[in-house]
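Here's the letter readout for the chains.
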Amino acid sequence: MNIVEPALQSRFGPALDVERIRTDFPILKLEVEGNPLVYFDNAASSQMPQQVIDRLVHYQTAQHANINRGVHYLSETATAEYEGSRGKLQHFLNAREEREIVFTSGTTDSINLVMHGYGRKFIRAGDEIILTTLEHHSNIVPWQMLAEEKGAKIRVVPINDAGELLVDEYEKLFNERTRFVSVMHASNALGTVNPIKQMIAFAHSRGVPVLIDGAQAAPHMEVDVQDLDCDFYAFSGHKLCGPTGIGVLYGKAEFLERMQPFKGGGDMILSVTFEKTVYNSIPHKFEAGTPPIAAAIGLGAAVDYLSAIGLDAIAAHELQLLNYATEQMGDLPGVRIIGTAAIKIAVLSFEVKGVHPHDVGTLLNHEGVAVRTGHHCVQPVMLRLNVPATTRASFAFYNTLAEVDAFIAALRTVQKIFS
Amino acid sequence: MNPKSLYQEVILDHNKKPRNYGTLDNATHHAVGHNPLCGDHLDIALHLEGDRIDQVAFHGESCAICKASASMMTTAVKGRTRADAETLIQEFRDMAVGKLNLDVPHHLGRLTVFAGVRDLPTRVKCAILPWHTLHAALHSVTATSTEAEDDPMHAAIGDA
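Treat the numbers as computed from the prediction; the structure is a model and nothing was measured.

Participant: Residues and numbers for the overall build of chain A, please.
Facilitator: From N to C terminus, chain A includes 15 helices and 17 strands. For a compact globule of 419 residues, the expected C-alpha radius of gyration is about 22 Å, and chain A comes in at 22 Å, within 12% of that figure. Each of the three principal axes of chain A carries a C-alpha extent, and together these read 75 × 55 × 40 Å. By the burial criterion, 49% of the 419 residues in chain A qualify as buried. Considering only contacts in chain A between residues 6 or more positions apart, those separated by 24 or more positions represent 71%.

Participant: Before we move on, could you go through the domain arrangement of chain A and cite the residues and values that matter?
Facilitator: Interface size is commonly expressed as the accessible area that is lost once the parts come together. Residue and element names in this part refer to chain A. In terms of domain boundaries, chain A breaks down into domain 1 (6–32 + 310–418) and domain 2 (53–308). Of note, the centres of domain 1 and domain 2, computed from C-alpha atoms alone, are 28 Å apart. Taken together, the 22 residues of domain 1 in the interface contact 21 residues of domain 2. Listed by contribution, the elements that provide at least two residues to the side of domain 1 that touches domain 2 are α12 (311–330), β14 (347–352) and α14 (379–385). Residue contributions to the side of domain 1 that touches domain 2 peak at 5 residues, all from α12. By residue class, the composition of the side of domain 1 that touches domain 2 is 13 nonpolar, 4 polar and 5 charged.

Participant: Before we move on, could you go through helix α4 (residues 73–93) of chain A and cite the residues and values that matter?
Facilitator: Residue and element names in this part refer to chain A. Here α4 is 21 residues long and its end C-alpha atoms lie 31 Å apart, about the 30 Å a rise of 1.5 Å per residue gives. Of the residues making up α4, those classed as buried are Ala78, Glu81, Tyr82, Ser85, Arg86, Lys88, Leu89, Phe92 and Leu93. Down the axis of α4, the buried set is contained in an arc of 155°. They therefore lie on one face. Along α4, exposed side chains directed more than 90 degrees from the buried face belong to Tyr73 and Ala80. Contacts made by the buried residues of α4 are with α3 (50–62), β4 (101–104), α9 (225–228), β9 (232–236), β10 (247–251) and α11 (293–309). In the stretch just after α4, Asn94 is the one whose phi turns positive, near 55°.

Participant: With reference to specific residues and values, describe the environment of Phe25 of chain A.
Facilitator: Residue and element names in this part refer to chain A. Within the fold, Phe25 resides in the loop between α2 (18–22) and β1 (31–32). Residues Phe25 and His317, spaced 292 residues apart in sequence, show a C-alpha to C-alpha distance of 17 Å. Setting aside its immediate chain neighbours within four residues, Phe25 contacts Gln47, Pro49 and Tyr398.

Participant: A description of unusual backbone geometry should follow, citing residues and the corresponding values.
Facilitator: All names here are of chain A. Cis rather than trans, the peptide bond between Ile282 and Pro283 has omega equal to 0°. Inspection of the secondary structure assignment puts Pro283 in the loop between β12 (277–279) and α11. The phi dihedral of Cys241 is positive, around 70°, even though this residue is not glycine. Topologically, Cys241 is positioned in the loop between β9 and β10. Among the residues examined, Cys241 registers 28 C-beta atoms within 10 Å and is labelled buried. Its identity as a non-glycine residue notwithstanding, His376 has a phi of 60°, on the positive side.

Participant: I'd love a proper account of the packing of α12 of chain A against helix α15 (residues 401–418) of chain A, names of residues and values included.
Facilitator: Residue and element names in this part refer to chain A. Where α12 meets α15, the axes come as close as 10 Å, and the angle between the chain directions of the two elements is 25°. With respect to α15, the element α12 is oriented roughly parallel. The hand of the α12/α15 crossing is right-handed. Contacts from Leu321, Tyr324, Ala325, Gln328 and Met329 in α12 reach Leu401, Val404 and Ile408 in α15.

Participant: Which residues make up the sheet that holds strand β6 (residues 153–157) of chain A, and what are the values?
Facilitator: All names here are of chain A. If you walk across this open sheet you meet the 7 strands as β4-β10-β9-β8-β7-β5-β6, and the pairing is mixed. Looking at which strands have only one partner, the edges of the open sheet turn out to be β4 and β6. Within this sheet the neighbouring strands show an average axis-to-axis angle of 20°, counted without direction. The pairing of strand β8 (residues 210–213) with β9 spans 3 bridges and is classified as parallel. Note on β9: the bridge partner recorded for Ile212 is Tyr233. Against the sheet, helix α5 (residues 107–122) touches β4, β7 (178–184), β8, β9 and β10, its axis set at about 35° to β10.

Basis of the calculations
- Residues numbered from 1 in each chain as written.
- Chains lettered and ligands numbered in written order.
- Predicted model: local features only at pLDDT ≥ 70, side-chain atom pairs only at ≥ 80, totals over all residues.
- Helix = DSSP H or I, 4+ residues; strand = E, 2+ residues; numbered from the N terminus.
- Rg over C-alpha atoms; globule rule 2.2 N^0.38 Å.
- Buried ≥ 20, exposed ≤ 12 C-beta atoms within 10 Å, placed from the backbone.
- Contact = placed C-beta atoms within 7 Å.
- Domains from an automatic or database assignment.
- Nonpolar A, V, L, I, M, F, W, Y, C, P; charged D, E, K, R; others polar.
- Expected span 1.5 Å × (residues − 1).
- Arc of directions from axis to C-beta.
- Axes fitted to C-alpha atoms, helices over the stretch in contact; angles between N-to-C directions.
- Parallel < 35°, antiparallel > 145°, perpendicular 65-115°, else oblique.
- Left-handed = near helix turned anticlockwise from the far one by under 90°.
- Pairing = 2+ DSSP bridges.

Structure follows, in structure tokens:
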């Protein structure tokens, strides 16, 4: 269980003014099936505050043109805003340099970029790549594709029944053929926060680079890539109050410099002849074609919004929601929580005895409660924990304890219907 | 459509006490249906005497809508001819996607309790899976999927 120590709570400072924050999110005023919307599907995608919506509208209304071409006013404005957003992301992650921030279409795209740009260049037959049982399919399949192409091998870190990585087993997987580690910061299905700093340090002691899939962590806690010392960090905009279709790959400059480009096209070149093309410098080398300019600028506005609230305050509030929901769910007979790691983000996966997750999801929706049901794109986790599927409630800083009460009441209704 | 009424009527009864649940030792036809989007799967076995389905059984792992649909399907097709079963399959599939006009004569009888799934697009596949699987069994296809090419619905369950 995750009961916060009072000392820890005070460290996070004063409580959030959630009611005020909620007024920033127009979608939270919706009613679903005659009930106020309770949006607990934040791990799939978060909602967007008016500040980000306004930023997108302002860009399209007064600033849009293509970037990096043209000397006219709008092109210069759009370029400055797009690159300005890159600077915001640099500060958000505490990267050393702006050029270490590559805009991608999302976490999946970021991981695929590293697979193609780094993996295909440096991984050879017989080499080994370490992943974990917890990984999302998007951090498994690209590496399987690479392993198949190169004749490389995937090694998998096991988990315990609580859904925590067995770090001793992780360390035992290293050998002279280990070339890469790719691991998620926090689990989308179970909530587990992995001890990545320790894992990165161990990999580095063996000279092995590490990619962190931060899709579920970046929206919920302070991420300092210099402190973590990860070589790559990937996340998505739409889980972080930003638009869909935009994400980030942070990479240490020395790694990005050594990587080959993944997509060829305009913007990623310095000069092109049919005899020879000279690639642009990083990060532009990886941003072929016209990028989602509006989405990148919207993401900049989203990290401004989150930073103004404070990631520590967000983390503290979400932990309070998780602890309260965990406690309330403990009082429901026949409900079992899947994923009981000591350190979790605010994700609550569970089973209701005798009721299939899809039936739970459909009936919760009728009460206005939005949750995710299914295998959460982590079939190996489901197989390991021997559950075909779960229902998942995932919280954000704009959720309230009253919404948790509504959710628990709705769950009781589901149980009553099936009793 | 209030999903509670969909659940509360016949479906919950069939979910709790599925009819013809189990396996057949003397099956002449058999198929496994699978919904890769949620991992649900269903095994349907038939014994045909000439052109008539004289025995039918199912088992598997699925949600209440799927299990109840399978249970009611077995009671509907048991003792019927292959042609009757094909008619029911077609009518049920059409009803689930809202293509069947329930005001004109049809053969679905109590199966119309599932008409409401047309308003729950992510659940249509749950109701249809048993019928897909029955169709596959009658045609001696041993494995089918809700993602087959003739699948009338392509609504994804969603992504993390």
